Amino acid sequence: MSTLAERPLSAPPDAVTSAPPRGQVLGRRLWRLKWGLASALVLLAIVASAILAPALAPHDPLQVNIRNRLAPPAWMARGDWAHPLGTDQVGRDLFSRIVHGGRVSLVVGISAVLVASAIGVLLGLGAGYFGPRVDWTIMTLVNVMLTFPFVLLALAVIAVLGPSLQNMIVVLGVAGWPIYCRVVRAETRALREREFVLAGQALGMSHVRVVFRQILPNLVSPIVVIATLQVAQVIILESFLSFLGLGIQPPTPAWGNMLGEGRVYMLNSWWIAAFPGLAIFLTTLVINLMGNALRDWLDPHMKL
Amino acid sequence: MRRFLGRQLVQLAVVIVGISMLSFSILHVVGDPVVLFVPEGAPKEEHERFRKLLGLDQPVYVQYWRFASRALQGDFGKSWYGDAPVFNLVLERMPPTIYLTLAGLGVALLIAFPLGTIAALRRHSIVDSLCTMVAVAGQAMPIFWLGIMLIIVFAVHLRLLPASGYGTWQHFLMPAFTLGAFLAPITMRLVRSGLIEVLSTDYVKTARAKGLGERMVVLKHAFRNACIPVITVLGLQFGQLLGGAIVTETVFAWPGVATLTVESIRNQDFPVVQCAVVLLALIIVAVNFIVDLAVGLIDPRIRVSV
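Since we're looking at a predicted model, the values are computed, not measured.

Quick notes on the overall build of chain A
Regarding its fold elements, chain A presents 13 helices and zero strands. N-terminal to C-terminal, the α/β element order of chain A is α-α-α-α-α-α-α-α-α-α-α-α-α. A compact globule built from 304 residues would reach a C-alpha radius of gyration of about 19 Å, whereas chain A, at 26 Å, exceeds it by more than 25%. In terms of overall dimensions, chain A has a C-alpha envelope of 95 × 60 × 30 Å along the principal axes. Taking contacts inside chain A between residues at least 6 apart in sequence as the whole, the part at least 24 apart equals 68%.

Take a look at the structure:
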């Protein structure tokens, strides 16, 4: 009987130990994120319907038709398939208004997040890279702003600026930057001491170059995940401001102001408030699911 | 211990000053109070007259100093709409908001703790997946829509609860539930992840090895330690909770600070808005401070590390 020392240590030459084909690994990763993929498809459909709204909507969202006001959705009694989700209090087709309303939400969502991420990332890079005094000033500002609930800050600034699309983008962008700043600063501080950064500095790279060419590319993953999740938050906040009458003004269709107007008719015409709200809920849900899947795809250990 | 307290107090002071500066700048730097105050079409002389009257021709730091020193004495000026002292106006609307916030917190804890515990104990089971799905759906739900849907179902169709207003315990039910449903998903996830982490620690293994029943292990040993991250984040989430309360109030016509703020915005009554913002922020800061202290007291590791 051979002893342990005499037996060769070679591994058995079968397929168990060789790596599975790359396609299979990819396939398995994608299947684990099936909810995220499904959500991404639904989101694509929502975005497409918003972009193609003029072609997709069966009626003009602003066309008033008092004779047909408060018509219920098609599947109910007195409903009509010409107006699949019913009409509102002045007879405008609800489905067309919802499809057009998506445009507003998406435009505000994406623009505000772009503004917020630009400000937040720049300030975060500055706070993390430069010395303690810059860091302290910026982080105190961040802590103060994070104390305020997003809603309160947005309300306060809209109070002064007045309701309009541009003001909302500004407000939501300016209220949303601190979260980027905090995360980017932490990562920048960690990366600042790495060898490739020190090497770049030793080679004489300017600070700007080091920050934008060496540090920033490593921050893309967390920034993208935060931005995705924030789009959903901004959409909800924009809807809330419009719901209060402080955002997009009627008659421009926006999910929030449709909810606000429909509230008055809740007693008998619940659909005017129900369907825009459902649209907000679905969009937000889909964006959240996709954002979570994106985070798991890019880096499962991300602390977000 | 004293150093920890001292550090916290300094941070508190800095944040309070920061809040006052931010609130001040929103009105005075972002917008022009004179333009907002004077009626449209008024001649230039009126603008100048009001500027002198409101003291807005002074440099910004003088104005800020006046605002801050008066605010410390509780003088936030008079309402532009009704001429009543602003501080009293806001203060008398505070209790309903606080009650709603506490009720919402209570409902959230009531939902989140049992669900989070079950999800943690029966990890990877159907119950866990269901709880996670409910949490994800809950986080995506716009609160004002949930509130309106609840009103439609319970007040309009079933006629069980009043649609809005304040007074009896029935008036509390739907708003508290709406607010609780807003905070519950994230709390549930925290409870679940905190408990999972704690259940794999050595002292829990020791408790099990000692022969203690599962219930004793969970309740007596695991819970206490899992509570620390939950309390910390809940304290930090107090700002979110108040934000949720603001939204809930507007849906249910709750006579609190938020409805006052929204009304004042519509009436362009800025001193009220400014005072409400400062007071609400102060409450959040105070709660965060207390939570930080409490966590420092409970967990000695935090006291010595920071």
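Digging into the overall build of chain B
Along chain B, the regular secondary structure elements total 14 helices and zero strands. Helices and strands appear in chain B in the N-to-C order α-α-α-α-α-α-α-α-α-α-α-α-α-α. In terms of its C-alpha atoms, chain B occupies a principal-axis envelope of roughly 85 × 60 × 30 Å. Counting only residues that meet the buried cut, chain B has 37% of its 306 residues in that class.

Topic: the packing of helix α4 (residues 94-129) of chain A against helix α5 (residues 132-147) of chain A
Packed helix pairs are characterised by how far apart their axes lie and by the angle those axes make with each other. All names here are of chain A. Running from N to C, α4 and α5 cross one another at 140 degrees; their axes reach a closest spacing of 7 Å. What the angle tells us is that α4 and α5 run oblique. Crossing of α4 against α5: the hand is left-handed. In contact with Leu123, Gly126 and Ala127 of α4, α5 contributes Val134, Asp135, Ile138 and Met139.

Some thoughts on the interface of chain A and chain B
On the side of chain B, 39 residues touch chain A, which itself brings 35 residues to the contact. Contributions of two or more residues to the side of chain A that touches chain B are made by α5, α6 (150-161), α11 (220-243), α12 (255-263) and α13 (271-298) of chain A. Top contributing element to the side of chain A that touches chain B by residue count: α6(A), with nine residues. Looking at the side of chain A that touches chain B residue by residue, the classes come out as 27 nonpolar, seven polar and one charged.

Details of helix α8 (residues 178-192) of chain A
Here α8(A) contains 15 residues, and its C-alpha end-to-end distance of 21 Å stays within 8% of the 21 Å for a straight helix at 1.5 Å per residue. Among all positions of α8(A), only Pro178(A), Ile179(A), Tyr180(A), Cys181(A), Arg182(A), Val183(A), Val184(A), Arg185(A), Glu187(A) and Thr188(A) are buried.

A look at the nonpolar core
Counting 156 residues, the largest nonpolar core has Ala154(A) and Leu172(A) as the members making the most contacts within it. Dropping the residues within four chain positions of it, Leu172(A) is found in contact with Val108(A), Ala112(A), Ala154(A), Val234(A), Leu237(A) and Glu238(A).

A word on helix α12 (residues 257-266) of chain B
Residues and elements named next belong to chain B. With seven of ten residues buried, α12 is to be regarded as a mostly interior element. For α12, the full list of buried residues reads Val257, Ala258, Leu260, Thr261, Val262, Ser264 and Ile265. Where α12 ends, the next residue or the one after it, glutamine 268, has phi of about 55 degrees, a positive value.

Regarding the environment of Leu241(B)
Residues and elements named next belong to chain B. By the element assignment, leucine 241 lies in helix α11 (residues 238-252). Among the residues examined, leucine 241 registers 24 C-beta atoms within 10 Å and is labelled buried. For the pair leucine 241 and proline 39, spaced 202 residues apart in sequence, the C-alpha separation works out to 37 Å. Discounting chain neighbours no more than four positions away, the residues touching leucine 241 are Thr101, Gly104, Leu105 and Leu183.

Examining the packing of α4(A) against helix α7 (residues 165-176) of chain A
Residue and element names in this part refer to chain A. Packing of α4 against α7 brings their axes to within 7 Å, and their N-to-C directions diverge by 45 degrees. By the angle between their directions, the pair α4 and α7 is classed as oblique. Two packed elements cross with a definite hand, and for α4 against α7 that hand is right-handed. Where α4 abuts α7, its residues Val108, Ser111, Ala112, Val115 and Ala116 lie against Leu165, Met168, Ile169, Leu172, Gly173 and Gly176.

With respect to unusual backbone geometry
Looking along the chain, the bond that leaves Pro250(A) and enters Pro251(A) is cis, with omega of 10 degrees. Tracing the chain through its elements places Pro251(A) in the loop between α11 and α12.

Some details on the confidence of the model for chain B
Residue and element names in this part refer to chain B. For chain B, per-residue confidence averages 82 on the pLDDT scale, and 94% of positions sit at 70 or higher. The lowest-confidence element of chain B is helix α14 (residues 300-305), averaging 63 in pLDDT; the highest-confidence one is helix α5 (residues 86-121), averaging 90. Per the prediction output, this complex has pTM 0.84; the corresponding ipTM is 0.81.

Considering the environment of Val174(A)
Among the structural elements, Val174(A) can be located in helix α7. Between the C-alpha atom of Val174(A) and that of Arg133(A), which follows or precedes it by 41 residues, the distance is 23 Å.

Section: the environment of Val208(A)
Mapped onto the fold, Val208(A) is located in helix α10 (residues 207-215). With 82 residues separating them in the primary sequence, Val208(A) and Gly126(A) have C-alpha atoms 10.0 Å apart.

The rules behind the values
Residues numbered from 1 in each chain as written. Chains lettered and ligands numbered in written order. Predicted model: local features only at pLDDT ≥ 70, side-chain atom pairs only at ≥ 80, totals over all residues. Helix = DSSP H or I, 4+ residues; strand = E, 2+ residues; numbered from the N terminus. Rg over C-alpha atoms; globule rule 2.2 N^0.38 Å. Contact = placed C-beta atoms within 7 Å. Buried ≥ 20, exposed ≤ 12 C-beta atoms within 10 Å, placed from the backbone. Axes fitted to C-alpha atoms, helices over the stretch in contact; angles between N-to-C directions. Parallel < 35°, antiparallel > 145°, perpendicular 65-115°, else oblique. Left-handed = near helix turned anticlockwise from the far one by under 90°. Nonpolar A, V, L, I, M, F, W, Y, C, P; charged D, E, K, R; others polar. Expected span 1.5 Å × (residues − 1). Core = buried A, V, L, I, M, F, W, Y, C linked by C-beta atoms within 7 Å. pLDDT = per-residue confidence, 0-100.

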